[in-house]
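# Descriptive analysis of the structure
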Amino acid sequence: MTKRLLVLLAATTATTAMPVDARPRWTETQANAWYQAQPWLVGANYTPASAINQLEMWQSATWDPQRIDRELGWAERTGMNTMRVFLHDQLWQRDAPGFRRRIDEFLTIAARHRIKPLFVLFDSCWDPDPRLGPQHPPIPGVHNSGWVQGPGLPGLRDKRRYPAYKAYVQGVIAAFRDDARILGWDVWNEPDNGADQYKGQEGKEPLVRALLAQVFVWARDADPSQPITSGVWQHDDWTPTGGKLTPMETLQLRQSDVISFHDYSWPETFEARVRQLLPYNRPILCTEYMARGNGSTFDGSLPIGKRYNVAMMNWGFVDGKTQTRLPWDSWKKPYVLEEPTIWFHEVFRGDGTPYRQAETDLIRRLSTAPKGELPAQR
C-alpha cells in the first residue's frame, strides 16, 4: 500500500470515527443534582405569533427577533423561566451557519429575560412532508394547520438521508453543548404520534423508533452538559415494574437522562401519571399540558406540578398563526363562523393581554414560592 493511500485512509478515519467513550445516560445522582440546581421550571411551548410553524420561526426571511424579545418579555413578567422550542433538520441542512447564528441570537434574547429553552430536535406531529421556503397561510378556523414533522415521512423512508440527520443532531448540540443558557435537549416530540389527519403514513412507527435509537446515541456522542430526553405521552401505565410500556416508551424512558411526559387530561389523571413516573427516581418534566376544553387547565394541573416539583410547560403561549386557541376538533369542523366557547391553548392575546388574568396571576404566584410548596390561597 502506498504512503499516499495510507495518509488518505487515516484522514478518512479521523473524520468519520465515533468517539470511543460517548457520554452514558446520566445516573440518578447526576440527573437529580442537575435538577436541584434549577429553579422550579415553569413555561410554555413557544412559537412567535408571526410563525405558523418551526420553519417559519427560524428561516432568515421570516426571523423576527423583535417580536420574540417582546413576547418573551411577557413570559418573564408572568414568572416563566423556560420555553420549549422546536428546531428542524432542514434548517440545518440548508444553512447551518445561519441557523446557528439565529439560535445564538434567540438564546441571547431568552437569557435577557431569564428564560432557558428546552430545544426539540425532531417531531412526529402534523404534516409529514415539510418543505423549506414560504409556508402556506393558516387554514381559516383550523388548529395548528401548518405545523410540520421533522424529518418527515419521505426523509424517514430514505436511508440515504440519515447521515444528514446525524450531522444535524451532532452539529447543533456540539455548537451549544456547554452553553449555560440552554436547559436541555428533547430529541423527539411524540415519536409514536400517527398524525392521523394525514394519509399515507403506513409503516411510520418502526422507522421512527429505529431512528430515535440512533438519535439518542448521536446526541450522547456530542457530549452535551445538558440533559437529553424524549417524552412519553399516549398510554395509561408508565410504571417501571408491572406497567404496559410500548417498545417506543421503553426506549424513551430507558434512554432519557430526565423523564418527560405529556398530559392533556383532568387533574386526577395528571397526578396519577406523575405518581407512575416517580419510581424512576429522576427529575420529571411535563413538557405539554393545558387544553382547557379537554379538562387540562392551569388551575387544575399547575398546583399539582408545583407540589410534586414537576417542571411544567403548557402548550401555546401567544395567539397567532398556529391558531391553537382553537380545539383539536377544528380539523373536522373549522371555526370559521364563530369562536370556540373557550380558548383551547394559549396564555396571551396577540397584543400581550392575558386571556385570563387569573391564570397569569397563578403562574406568577406559584413560580415565586419555594420548590414543592404551594403558597396560601388569596
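The rules behind each value
- Residues numbered from 1 in each chain as written.
- Predicted model: local features only at pLDDT ≥ 70, side-chain atom pairs only at ≥ 80, totals over all residues.
- Heavy atoms only, no water.
- Helix = DSSP H or I, 4+ residues; strand = E, 2+ residues; numbered from the N terminus.
- Rg over C-alpha atoms; globule rule 2.2 N^0.38 Å.
- Buried < 20%, exposed > 50% of the residue type's maximum accessible area, 1.4 Å probe, protein only.
- Contact = heavy atoms within 4.5 Å.
- Areas by Shrake-Rupley, 256 points an atom, 1.4 Å probe, with all protein chains shown as cover.
- Lys, Arg positive; Asp, Glu negative; His and termini not counted.
- Charge placed at Lys NZ, Arg CZ, Asp CG, Glu CD.
- Phe/Tyr/Trp six-rings, centres within 6.5 Å; stacked < 30°, edge-to-face > 60°.
- Lys NZ or Arg CZ within 6 Å of the ring centre and 35° of its normal.
- Expected span 1.5 Å × (residues − 1).
- Bend = angle between axes of the 7 residues up to and from the residue.
- Core = buried A, V, L, I, M, F, W, Y, C linked by side-chain atoms within 4.5 Å.
- Pairing = 2+ DSSP bridges.
- Polar contact = N/O pair within 3.5 Å; in protein donor to acceptor, adjacent residues only side chain to side chain.
- 1 Å grid on protein atoms, 1.4 Å probe; cavity = no way out; pocket = protein on both sides within 12 Å on 5 of 7 lines; lining within 4 Å.
- Points joined across faces, edges and corners; volume = space filled by probe spheres on them.
- Nonpolar A, V, L, I, M, F, W, Y, C, P; charged D, E, K, R; others polar.
- pLDDT = per-residue confidence, 0-100.
- Disulfide = S-S within 2.5 Å.

### Details of the overall build of the protein
For the protein, the count of helices and strands is 12 helices and eight strands. A compact globule built from 378 residues should have a C-alpha radius of gyration of about 21 Å, and the protein, at 21 Å, falls within 12% of that. C-alpha extents for the protein along the principal axes are approximately 80 × 45 × 40 Å. Sorting the 378 residues of the protein into buried and exposed places 56% on the buried side. Taking the contacts inside the protein whose residues are at least 6 apart along the sequence as the reference set, 79% of them involve residues at least 24 apart. Carbon and sulfur atoms provide 53% of the accessible area of the protein, an area that totals close to 16,300 Å². Within the protein, the 43 negative side-chain charges are centred at a point lying 4 Å from the centre of the 45 positive side-chain charges.

### Some details on the packing of aromatic side chains
For the structure on display, the rule yields 27 aromatic pairs. Considering the side-chain rings of Trp-126 and Trp-331, the 5.3 Å spacing of their centres and the 25 degrees angle between planes classify their relative orientation as stacked. Of this pair, Trp-126 sits in the loop between strand S3 (116-123) and helix H6 (153-157) while Trp-331 sits in the loop between strand S8 (311-314) and helix H12 (357-368), and the two are 205 residues apart along the sequence. Both rings, one in Trp-147 and one in Trp-315, keep their centres 6.1 Å apart while their planes meet at 80 degrees; by these two values the pair is edge-to-face. With Trp-147 in the loop between S3 and H6 and Trp-315 in the loop between S8 and H12, this pair connects stretches of sequence that are 168 residues apart. Across the pair, exposure class does not vary: Trp-147 and Trp-315 are buried alike. Through pairs of rings, three or more aromatic residues link up here, namely Tyr-46, Trp-58, Trp-63, Trp-74, Trp-92, Phe-99, Phe-106, Phe-119, Trp-185, Phe-317 and Phe-348. Over the ring of Trp-343 we find Arg-349, and its NZ or CZ is 5.1 Å from the ring centre.

### Quick notes on helix H5 (residues 89-112)
Taking 1.5 Å as the rise per residue, H5 with 24 residues should run 34 Å; its terminal C-alpha atoms sit only 27 Å apart, a clear shortfall. The largest bend in H5 amounts to roughly 120 degrees and is located at Asp-95, with the proline Pro-97 lying one to four residues further along.

### Observations concerning the nonpolar core
Ranked by size, the top nonpolar core spans 81 residues in total, and within it Trp-58, Phe-106 and Phe-317 carry the most contacts. Apart from residues lying up to four places away in sequence, Phe-106 is in contact with Tyr-46, Met-57, Trp-58, Trp-63, Ile-68, Leu-72, Val-85, Pro-117 and Phe-119. Ranked by size, the runner-up nonpolar core spans 11 residues in total, among them Trp-26, Tyr-35, Leu-183 and Met-313.

### Regarding the sheet that holds strand S5 (residues 228-229)
On the basis of which strands lie adjacent, the open sheet formed by eight strands has the order S5-S4-S3-S2-S1-S8-S7-S6 and parallel pairing. On the outer flanks of this sheet lie S5 and strand S6 (259-262), each paired with one strand and no other. As judged from the five bridges shared by S3 and strand S4 (residues 184-189), these two strands associate in the parallel manner. For Val-120, the partnering residue across the bridge sits in S4 and is Asp-186.

### Observations regarding the side chain of Thr-82
Residue position: Thr-82 is located in strand S2 (residues 82-86). Residue Thr-82 is classed as buried on the basis of its relative accessible area, which comes to 0%. Reaching out from Thr-82, the side chain makes a polar contact with the backbone oxygen of Lys-116 at a distance of 2.5 Å. Once residues within four sequence positions are removed from consideration, Thr-82 is found in contact with Leu-41, Val-42, Gly-43, Ala-44, Ile-115, Lys-116, Pro-117, Leu-118, Leu-183 and Met-313.

### Side note on empty space enclosed by the protein
Within the structure shown, the criterion is met by one cavity of 30 Å³ or more. Considered as a void within the structure, the largest cavity measures approximately 100 Å³ in volume. Among the residues forming the lining of the largest cavity, the class breakdown is seven nonpolar, seven polar and two charged.

### Observations regarding the environment of Asp-158
In this structure, Asp-158 sits in the loop between H6 and helix H7 (162-176). Counting along the chain gives 48 residues from Asp-158 to Ala-110, while the straight-line C-alpha distance between them is 36 Å.

### Remarks on the confidence of the model for the protein
Summary statistics for the protein give a mean pLDDT of 93 and a share of 94% for residues scoring 70 or more. Taken element by element, the protein is modelled with least confidence in helix H1 (residues 3-16), mean pLDDT 32, and with most confidence in S2, mean pLDDT 99. Counted against residues more than four places away or in other chains, residues 1-20, with its pLDDT under 50, gives six contacts.

### Looking at the side chain of Thr-360
Within the secondary structure layout, Thr-360 lies in helix H12. Taking the relative accessible area as the measure of exposure, Thr-360 reaches 1% and is therefore buried. Here the side chain of Thr-360 touches Gln-357 through a polar contact of 3.0 Å, landing on its backbone oxygen.

### Re the layout of surface pockets
In this structure, the largest pocket encloses a volume near 720 Å³. Classifying every residue of the lining of the largest pocket by side-chain character gives 10 nonpolar, 11 polar and nine charged.

### Some remarks on the state of the cysteines
Inspection of the entire model under this criterion finds zero disulfides. With no disulfide of its own, Cys-125 lies 15 Å from the sulfur of Cys-286, the closest cysteine sulfur. Residue classification places Cys-125 among the buried positions, given a relative accessible area of 8%.

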